[in-house]
Each structure stands twice: as structure tokens, then as C-alpha cells.
Amino acid sequence: MKKQLLALLVLIISAVLVSCEKEAKEIELPKVDPKLVVYGFLSPSDSVIEILVSKSVPYFGDQKGNIYDPVSDATVLLTSEGQTISLPFSIENGSYIVRNEALFSILAGKTYSLQVSSPGGFYVTSETTVPSTLPAQVRVEIDSSVRTSNGFNEKIYRIQTAFLDQPNQRDYYHSITKIHQDTLKDKRYAYTICNKFKEDEGVNGQEIRLNCNYSNFYSGFNGANSFSGFSVLYTTDVSYYKYHVSLDNYIEDNPFAEPSRVYSNIDGGLGCLGSYIAIEVEF
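About the cut-offs
- Residues numbered from 1 in each chain as written.
- Predicted model: local features only at pLDDT ≥ 70, side-chain atom pairs only at ≥ 80, totals over all residues.
- Heavy atoms only, no water.
- Helix = DSSP H or I, 4+ residues; strand = E, 2+ residues; numbered from the N terminus.
- Buried < 20%, exposed > 50% of the residue type's maximum accessible area, 1.4 Å probe, protein only.
- Contact = heavy atoms within 4.5 Å.
- Areas by Shrake-Rupley, 256 points an atom, 1.4 Å probe, with all protein chains shown as cover.
- Disulfide = S-S within 2.5 Å.
- Pairing = 2+ DSSP bridges.
- Core = buried A, V, L, I, M, F, W, Y, C linked by side-chain atoms within 4.5 Å.
- Lys, Arg positive; Asp, Glu negative; His and termini not counted.
- Salt bridge = Lys/Arg side-chain N within 4 Å of Asp/Glu carboxyl O.
- Axes fitted to C-alpha atoms, helices over the stretch in contact; angles between N-to-C directions.
- Expected span 1.5 Å × (residues − 1).

1. Brief notes about the overall build of the chain
For step 1, the next point in the chain: Of regular secondary structure, the chain possesses 2 helices and 15 strands.
For step 2, the next point in the chain: Here the chain, with 283 residues, has 34% of them falling under the buried criterion.
For step 3, the next point in the chain: Considering only contacts in the chain between residues 6 or more positions apart, those separated by 24 or more positions represent 65%.
For step 4, the next point in the chain: Put simply, the chain shows about 17700 Å² of open surface, and 52% of that area lies on carbon and sulfur atoms.

This is the structure:
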């Protein structure tokens, strides 16, 4: 009798689930129009000014196109202090790009406004002010310790990017630490071991240290593999900082994670326009 009741219960639940599935398939999802997606990060140290433009695609329903497909027929205008340039589209790069040179250059402390439009009534704007000052006394300090476990020796290095924060202003920092490959010192092929973000709230004008741990294994306490690398310290505007922190915190397809929105400062669309200045220290 119990088995019969259990079988009947299973049939009822299955029927309900099939009914729900049919009803769900008949639900009309709201139509979401595509938006322009615009990204650009301006810096005096870059040789080019580059803006990427694409279009968003709906999360549900028919997903025609790809968010990574560039929009090639947009008009991209960058303005500062009454001077405006139009960035041409580069098929090779898949972006709108011009040389960062004397005729129109990215300068520390200057404000830049961006306007992007494309056929179909798409129009977005944004603005960024390039940071004006780098922190003082930027340096990299390294210390190490040895840990032995199960017959293996591990040397743990603590690589600290240290600097003195500029007082009486809000600052945002991004530190990237990279290690050269053993046989290749070309910076293009160095691999990133740390990405650190820090704002100076609560430490205004004080020394800031961003820690990065790196380890390697070796057979004896002497003759551990040596390494070299460099740390790049970016002083950024608030939009660059918020965008990269939100991207760093974003976890896709994790049912146990709280929803996390990626920051955007593009009015009328999605994406980010930000700016930074940078200093590099080798070790």
C-alpha cells in the first residue's frame, strides 16, 4: 500500500512539474533593447587613445550577436578644454583608436568628455578627470621565510609595494605585481601574481603597503630559484577603481554568491570610461 501511495505521489509531482514547464515556456519575457557598451581607460603614459564600442545582448531569449563584436559604424568624439577629436575605427584592432600625441594628448589633471553615437538612435556620454599626482616614495620591499612540509621545502616571499599617500585628497590605487619567466625577461610575457586595490580612506597621507605572496619549491635550503619582476602602481580616478573592483568581485554562475553588479558610468549605455597615471618599479 505504501509503495502504491508513493508511486501515485511521484506521478502527481511529475504531472505538476510538466504543467509548470509548459506554463513557463508560454511566458513572454520582456523585450530588452540593446544598449551601447563602451570601454576606455585614458592615461598620459599610453601611446594611443583607444575606445571599444559594442552592443549588449539580452540575457534571456534570442541572443543574436555577441557582446564582443565591435560596432564599426559609430561616431566617437573625445573633448577636453574646447578641443574635440574624432576617433576612427580600426579594423585591425576592432576599436576606435588614435595616437596619443601633441595635437590631442591625455594629460594629468585634465577632464575628458566622451560622446558615442551610432545608427539606430544610440547615444551615450561619459566623463573622466585624469589623476594629477603620483604617491611619493614608491618602492618594492621583499622578505622571505622557509616552510618545510612532507619533505618539501617551500620558500615564501612577501613582495610589498610601499608608498606614501598624497595628503588631503581622495586617492584610489591599483597595484599589479608580475614575475618574469625564468628564461625570458620580456615584460610582455611576464605573468601576474597579484592584483591589489586600495583607496586611502582612513589612511590619508600615511604610508600604504600592498602585500603580495609568492612561493617556490626547491630541494635544499641553499640555491632556491631566483626570480625578478616588477610592480606597476596605478593612481586612478574613482570610475576606474569602482569598475575594476566590481569586476574583481563578480562571480558568474555561482548559486551561492550574492548578485554583484559590474559598475558602469556610461550615461545611456553600459561600460566604463576611466583614467589613471602609473609608475613602475622593478625588483
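2. Here we look at the state of the cysteines
For step 1, the next point in the chain: Counting across every chain of the model gives 1 disulfide.
For step 2, the next point in the chain: Sulfur-sulfur distance for the disulfide between C194 and C212 comes to 2.1 Å. Here C194 and C212 share a disulfide; its torsion about the S-S bond, 90°, makes the bridge right-handed. Taken together, the positions of C194 in strand β12 (residues 191-199) and C212 in strand β13 (residues 207-218) put the pair 18 residues apart, joining distant regions of the chain.
For step 3, the next point in the chain: Given the relative accessible area of 11%, C194 is considered buried.
For step 4, the next point in the chain: Take C212: its relative accessible area is 2%, and that puts it in the buried class.

3. Points about the pairing of strand β2 (residues 48-55)
For step 1, the next point in the chain: In this sheet, β2 lies alongside strand β1 (residues 36-42) in antiparallel orientation, the contact comprising 4 bridges. Bridging across to β2, Y39 finds its partner in L52.
For step 2, the next point in the chain: The hairpin turn running from β1 into β2, its antiparallel successor, is 5 residues long.
For step 3, the next point in the chain: Sheet topology places β2 next to strand β6 (residues 95-99); 4 bridges connect them, and they run antiparallel.

4. Description of the pairing of strand β8 (residues 122-129)
For step 1, the next point in the chain: Judged by which residues are buried, β8 turns out to be one-sided: F122, V124, S126 and T128 face inward and are buried, whereas Y123, T125, E127 and T129, on the alternate face, are not.
For step 2, the next point in the chain: The pairing of strand β7 (residues 111-118) with β8 spans 8 bridges and is antiparallel. Within β8, the residue paired with S118 across the bridge is F122.

5. Things to note about the nonpolar core
For step 1, the next point in the chain: The biggest cluster of nonpolar side chains holds 25 residues, and the ones touching the most others in it are V38, I49, V53, V76, L78, L87 and V116.
For step 2, the next point in the chain: Among the elements of the structure, β1, β2, β3 (75-80), β6, β7, β8 and β15 (270-282) are those that each provide at least two residues to this core.
For step 3, the next point in the chain: Excluding anything up to four places from it in sequence, I49 contacts L42, L78, I85, L87, Y96, I97, V98, R99, N100, F104 and I106.
For step 4, the next point in the chain: Counting residues in hydrophobic clusters, the runner-up holds 16 residues, among them Y157, C194, V203 and F227.

6. Regarding the side chain of D237
For step 1, the next point in the chain: Mapped onto the elements of the fold, D237 is located in the loop between β14 (229-236) and α2 (238-249).
For step 2, the next point in the chain: We note that D237 is buried and unpaired, the nearest opposite charge coming from K242 at a distance of 10 Å.
For step 3, the next point in the chain: Residues in contact with D237, not counting those within four places in the same chain, are T128, T129, P131, Y172, L273, G274 and S275.

7. Here's the deal with the sheet that holds β8
For step 1, the next point in the chain: As summarised here, the arrangement of the 4 strands in space is β4-β3-β7-β8, forming an open sheet in which the pairing is antiparallel. At either end of the open sheet lies a strand with only one pairing partner, and these are β4 (83-86) and β8. Between one strand and the next, the sheet's axes are offset by a mean angle of 20°, whatever the strand orientation.

8. Here's the deal with the sheet that holds strand β5 (residues 89-90)
For step 1, the next point in the chain: On the basis of which strands lie adjacent, the open sheet formed by 8 strands has the order β5-β6-β2-β1-β15-β14-β11-β12 and mixed pairing. Each edge of the sheet is formed by a strand with only one pairing partner; in this case those strands are β5 and β12.
For step 2, the next point in the chain: Sheet strands in contact with α2 are β1, β11 (172-179), β12, β14 and β15, and its direction is about 95° off that of β15.

9. Observations regarding α2
For step 1, the next point in the chain: The terminal C-alpha atoms of α2, which comprises 12 residues, lie 16 Å apart, in line with the 16 Å expected from a rise of 1.5 Å per residue.
For step 2, the next point in the chain: Within the span of α2, buried status applies to S239, Y240, Y241, Y243, H244 and S246.
For step 3, the next point in the chain: Packing partners of the buried residues in α2 comprise β1, β11, β12, β14 and β15.

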